[in-house]
Amino acid sequence: MKITEKTIRFLGRALCGDTGLVPYKSGPQLVDFFVNYGADDQYGEGFPSRWKYTEEKIREYNGTKFLKSIIEDSVDPRDFMESNIDINETIKTFNELLNFDGYELKKVGAFYKIADSKGILVEPETVTGINHDFIQEQIKKCNEKIEQGDFNGAITNARSLAEAVMIEIIEKHEGKEIKNDGKIENLYKQVKKILNLTIDPKTMPQTVLQILSGLDSIVGGLAGLSNNSGDRHANKFNTKKHHARLAVNSTMTLVDFLLESKEYQK
C-alpha cells in the first residue's frame, strides 16, 4: 500500500491524536504502537514532536505491507469507546483523503479494513498484526471444518496457523520478509532462538523443561501429520475426527504460548 505525501502529512497529525479524529497518544504510547510493526525506537530526551515522529514513521512504512495495518489499527473501534470521538466522522474524514490515493476504509464486521477503489479488500502478502483474537478466529475455522467432516482440511489450517504465527515473529524480529521453505521445524528453531526458549536446566525447573520439550514434539508431530494426512498432500493416513481435534488443540496451545512469549519479551 502506497499513499501520497499529502496523505502522509494528514495522517502524521491525525494518528497521534492532534486533530481529534482518533484518541490522543502520548510519546511513549506512540513508540509502543509502532513497536508492533517492527520499530525499535526509544522515548527520551531529544524525542521529536509527536506529530513529526508519527509522520516520519508513516513515511518510513509507506509502500510496505505494514501501512495497511497501521491505519486499520488506528481506527480500532475499541479505542473509541471511552472517548467522545464519533468514529463515523473519523472514517468519513479519513476516506476523503484516502480516496485520492485509490483507497478507502470499509466496515467489515466490527472493524474497518482498507479496500481499493473497487471495494476489494487490500490484503498484505503475509499475515500481520497477529493477536489472541486472530488465533481464536483461526481455531474456530479449524473446528468448523472438523464438525463438517473435513478433518484433513482442519489439520492443514492448523499447520498454516502455526506457520503464520512463527513467520510473523521472525519478520518482526528481523524487520524484513522471509522466505518460507515449507519446513515448519526450521521456522520453530528460529522462533525458539528469538524468544529465548532454549531448554537450559540451569535457568528453568525440570517441570517447565518437560512442557517445553512437549512443544518440540507438537511441532514435529504437526509437520508429520499434515504431510501425511493434510489436504495439501495425497492422504496416506485415514484421518479420524479425534486426530484432527488433537492437531488443532495442540496447535492452539503452541501458538498461544508463542504469542504470550513474544509479548513477554517485548
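- In the annotation of an unreviewed UniProt entry, the chain is listed under the name Abortive infection family protein and assigned to Polaribacter pectinis.

**Comments concerning the overall build of the chain**
And then number 1: The helix and strand tally for the chain stands at 10 helices and 2 strands.
And then number 2: Starting at the N terminus and walking to the C terminus, you meet the elements of the chain as α-α-α-α-α-β-β-α-α-α-α-α.
And then number 3: In the chain, which comprises 266 residues, the proportion classed as buried is 42%.
And then number 4: Of the contacts formed within the chain by residues at least 6 apart in sequence, a portion of 62% connects residues at least 24 apart.
And then number 5: Surface summary for the chain: the accessible area is close to 14,400 Å², and the carbon and sulfur share equals 50%.

**Brief notes about the packing of aromatic side chains**
And then number 1: This model, assessed by the stated rule, comprises 8 aromatic pairs.
And then number 2: For the ring pair F34 and Y61, a centre distance of 6.4 Å and an interplane angle of 10° mean the geometry is stacked. Of this pair, F34 sits in helix α2 (residues 27–35) while Y61 is found in helix α3 (residues 50–61), placing the two residues 27 residues apart along the sequence.
And then number 3: Residue F34 is classed as buried on the basis of its relative accessible area, which comes to 1%.
And then number 4: When its relative accessible area of 6% is taken as the criterion, Y61 is described as buried.
And then number 5: Three or more aromatic residues joined by ring pairs form one cluster here, namely F33, F34, Y37, Y43, F47, Y53, Y61 and F66.
And then number 6: Across from the ring centre of W51, 3.9 Å away, lies the NZ or CZ of R13, which sits over that ring.
And then number 7: Taking the ring centre of F33 as reference, the NZ or CZ of K25 above it sits at 5.1 Å.

**Considerations on the pattern of salt bridges**
And then number 1: Under the definition given, this model contains 13 salt bridges.
And then number 2: With a closest N to O distance of 2.9 Å, E72 and K68 form a salt bridge. Taken together, the residues E72 and K68, both in helix α4 (residues 66–74) and 4 residues apart, mark about one turn of the helix. Per residue, the accessibility class of E72 equals that of K68, and both read buried.

**A look at the nonpolar core**
And then number 1: Within the largest apolar cluster, 36 residues are counted, with the highest numbers of intra-cluster contacts made by M166, L254 and L258.
And then number 2: Dropping the residues within four chain positions of it, M166 is found in contact with I184, L187, Y188, V191, V219, L254 and L258.
And then number 3: Grouped together as the second largest cluster of nonpolar side chains are 34 residues, L11, L21, V75 and L105 included.

**Brief notes about helix α8 (residues 184–194)**
And then number 1: Along α8, the residues that are buried comprise I184, L187, Y188, V191, K192 and I194. Down the axis of α8, the smallest arc covering the buried residues is 160°, so these residues share one side. For α8, exposure combined with an orientation more than 90 degrees from the buried face picks out K189 and K193.
And then number 2: N196 sits one or two residues past α8 and shows a positive phi near 55°.

**Things to note about unusual backbone geometry**
Most peptide bonds are trans, and most residues other than glycine sit at a negative phi.
And then number 1: Backbone geometry places N196, a non-glycine residue, at a positive phi of 55°.
And then number 2: Along the chain, N196 falls in the loop between α8 and α9 (206–229).

**Let's talk about the confidence of the model for the chain**
In low-pLDDT regions, the fine details of the predicted coordinates are not to be read closely.
And then number 1: Mean pLDDT over the chain stands at 84; residues scoring 70 or higher make up 88%.
And then number 2: With pLDDT under 50 throughout, residues 124–128 is counted as low confidence; its partners more than four residues away or in other chains account for 12 contacts.
And then number 3: Below a pLDDT of 50 lies the segment residues 229–235, which in the model reaches 21 contacts outside its immediate sequence neighbourhood of four places, other chains included.

Cut-off values and rules
- Residues numbered from 1 in each chain as written.
- Predicted model: local features only at pLDDT ≥ 70, side-chain atom pairs only at ≥ 80, totals over all residues.
- Heavy atoms only, no water.
- Helix = DSSP H or I, 4+ residues; strand = E, 2+ residues; numbered from the N terminus.
- Buried < 20%, exposed > 50% of the residue type's maximum accessible area, 1.4 Å probe, protein only.
- Contact = heavy atoms within 4.5 Å.
- Areas by Shrake-Rupley, 256 points an atom, 1.4 Å probe, with all protein chains shown as cover.
- Phe/Tyr/Trp six-rings, centres within 6.5 Å; stacked < 30°, edge-to-face > 60°.
- Lys NZ or Arg CZ within 6 Å of the ring centre and 35° of its normal.
- Salt bridge = Lys/Arg side-chain N within 4 Å of Asp/Glu carboxyl O.
- Core = buried A, V, L, I, M, F, W, Y, C linked by side-chain atoms within 4.5 Å.
- Arc of directions from axis to C-beta.
- pLDDT = per-residue confidence, 0-100.

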